[in-house]
Amino acid sequence: MTSTLMIIDMQRIFGEQTSGWFTPEFAAASEGSRRLRAAFGSRVALTRFVPPAEPQSAWVPYYEDWPFALDPANADLYELMPEFPVDDATVITRTTFGKWDDNTRSALGNPDSLVLTGVSTDCCVLSTALAAADAGVHVRVVTDACAGASAADHQRALDAMALYAPLIELTTVDEVLSEMA
């Protein structure tokens, strides 16, 4: 089974300490994601969360709680961090937490297995993992290459995803690299 690495939302909005959505363990998720990226060659997707032009439905009160996220002056916060150049990766940009949908499946060549890293474990990683698993894709979440809004939130999300075994499997960077060697 050939896997595609999806590196979820390694963007300035989550990686810079001055951002309202700073993820405290971003650096650890970044390090693990970069280690894995080197091993996956061109089978890599980099995802980006971006706000919608006009929030609709339940997103309206969400962005009322986070008005900085819609401020055009902060648009550059949605750029990928410099340590994640696009190179030959596929870029998936969505206005939703989850990045898995039919368009993603097609853009990635209909993979039967995904390895997920990135931020935030308790939001975008979780949403992507559940949608992909529901679509019949085997998902491996790399626990030490993900980071949540807090250590507790990270662990709660991992615990929830573990309930989906064998559709979702929890693993580590070293385990994935060892299997690929």
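Further up the page is the structure itself.
Bear in mind that the values here come from a model prediction, so they are computed numbers and not experimental data. (Residues numbered from 1 in each chain as written. Predicted model: local features only at pLDDT ≥ 70, side-chain atom pairs only at ≥ 80, totals over all residues. Heavy atoms only, no water.)

Q: In this structure, what is going on with the overall build of the protein chain? I would like to understand it.
A: Each helix and strand in the protein chain was counted, giving 7 helices and 6 strands. Along its sequence from the N terminus, the protein chain presents helices and strands in the succession β-α-α-β-α-β-α-β-α-β-α-β-α. Over its C-alpha trace the protein chain gives a radius of gyration of 15 Å, about what one expects of a compact globule, namely 16 Å for 181 residues. Judged by the C-alpha coordinates and their principal axes, the protein chain covers about 45 × 35 × 30 Å. Buried residues in the protein chain amount to 46% of all 181 residues. For the protein chain, restricting intrachain contacts to residue pairs at least 6 apart in sequence, the fraction spanning at least 24 positions comes to 78%. Element-wise, carbon and sulfur atoms account for 52% of the exposed surface of the protein chain, whose accessible area totals about 8,400 Å². (Helix = DSSP H or I, 4+ residues; strand = E, 2+ residues; numbered from the N terminus. Rg over C-alpha atoms; globule rule 2.2 N^0.38 Å. Buried < 20%, exposed > 50% of the residue type's maximum accessible area, 1.4 Å probe, protein only. Contact = heavy atoms within 4.5 Å. Areas by Shrake-Rupley, 256 points an atom, 1.4 Å probe, with all protein chains shown as cover.)

Q: Just to check I follow, could you spell out the pattern of salt bridges for this structure?
A: Pairing is possible between side chains of opposite charge, provided their charged atoms come close. As enumerated under the stated definition, the model contains 8 salt bridges in all. One salt bridge connects D76 with R12, and the closest N-O pair in it is separated by 3.0 Å. Of this pair, D76 sits in the loop between helix 3 (59-65) and strand 3 (90-94) while R12 sits in helix 1 (residues 12-15), and the two are 64 residues apart along the sequence. Note on R12: relative accessible area 18%, which makes it buried. Between R140 and E169 there is a salt bridge; the shortest N-O distance is 3.5 Å. Separated by 29 residues along the polypeptide, R140 in strand 5 (residues 138-147) and E169 in strand 6 (residues 168-171) bring together distant segments of the chain. (Salt bridge = Lys/Arg side-chain N within 4 Å of Asp/Glu carboxyl O.)

Q: Could you clarify how one ought to interpret the packing of helix 2 (residues 26-40) against helix 7 (residues 173-180) in this entry?
A: Packed helices, taken two at a time, are described by their axes: the angle between them and the distance between them. At a closest axis distance of 10 Å, the pairing of helix 2 and helix 7 adopts a crossing angle of 10 degrees. On the basis of their axis angle, the class for helix 2 and helix 7 is roughly parallel. Every residue of helix 7 that contacts helix 2 at G32, R35, L36, A39 and F40 is listed here: V173, D174, V176, L177 and M180. Residues of the contact of helix 2 with helix 7, tallied by class, amount to 7 nonpolar, 1 polar and 2 charged. (Axes fitted to C-alpha atoms, helices over the stretch in contact; angles between N-to-C directions. Parallel < 35°, antiparallel > 145°, perpendicular 65-115°, else oblique. Nonpolar A, V, L, I, M, F, W, Y, C, P; charged D, E, K, R; others polar.)

Q: Looking at this structure, how should I read the layout of surface pockets?
A: Using a probe with the size of a water molecule, rolled over the atoms, empty space left in the structure can be pinpointed. Volume-wise, the largest pocket comes out at about 280 Å³. Looking at the largest pocket, it is lined by 15 residues, and the ones nearest its centre are F14, W21, Y62, S120 and C123. For the lining of the largest pocket, the leading source of residues is helix 5 (residues 121-134), giving 3 residues. When grouped by side-chain class, the residues that make up the lining of the largest pocket number 11 nonpolar, 3 polar and 1 charged. (1 Å grid on protein atoms, 1.4 Å probe; cavity = no way out; pocket = protein on both sides within 12 Å on 5 of 7 lines; lining within 4 Å. Points joined across faces, edges and corners; volume = space filled by probe spheres on them.)

Q: What's the story with unusual backbone geometry in this structure? I'm lost.
A: One can expect most non-glycine residues to show negative phi and most peptide bonds to be in trans. S120 follows V119 through a cis peptide bond whose omega is -15 degrees. Along the polypeptide, S120 turns up in the loop between strand 4 (113-119) and helix 5. Across the junction of A165 and P166, the peptide omega takes the value 5 degrees, indicating a cis bond. Considering the arrangement of structural elements, one finds P166 in the loop between helix 6 (151-162) and strand 6. Of note, the phi angle at D9 is positive, near 55 degrees, even though the residue is not glycine. Along the chain, D9 turns up in the loop between strand 1 (4-8) and helix 1. Not every positive phi belongs to a glycine, and S57 is a case in point at roughly 55 degrees. Here S57 lies in the loop between strand 2 (44-49) and helix 3.

Q: I'm lost on the packing of aromatic side chains in this one. Help?
A: For any pair of aromatic rings, the description consists of the separation of the ring centres together with the inter-plane angle of the planes. Tallied over the full model, the rule gives 13 aromatic pairs. For the ring pair W21 and W66, a centre distance of 5.8 Å and an interplane angle of 65 degrees mean the geometry is edge-to-face. Remark: W66 occurs in the loop between helix 3 and strand 3 and W21 occurs in the loop between helix 1 and helix 2; sequence separation between them is 45 residues. W66 sits in the partly exposed class, given a relative accessible area of 31%. Centre to centre, the rings of W66 and F68 are 6.4 Å apart; their planes meet at 75 degrees, and the pair counts as edge-to-face. By way of ring pairs, the aromatic residues F14, W21, F49, W59, Y62, Y63, W66, F68 and F97 are connected into one cluster. (Phe/Tyr/Trp six-rings, centres within 6.5 Å; stacked < 30°, edge-to-face > 60°.)

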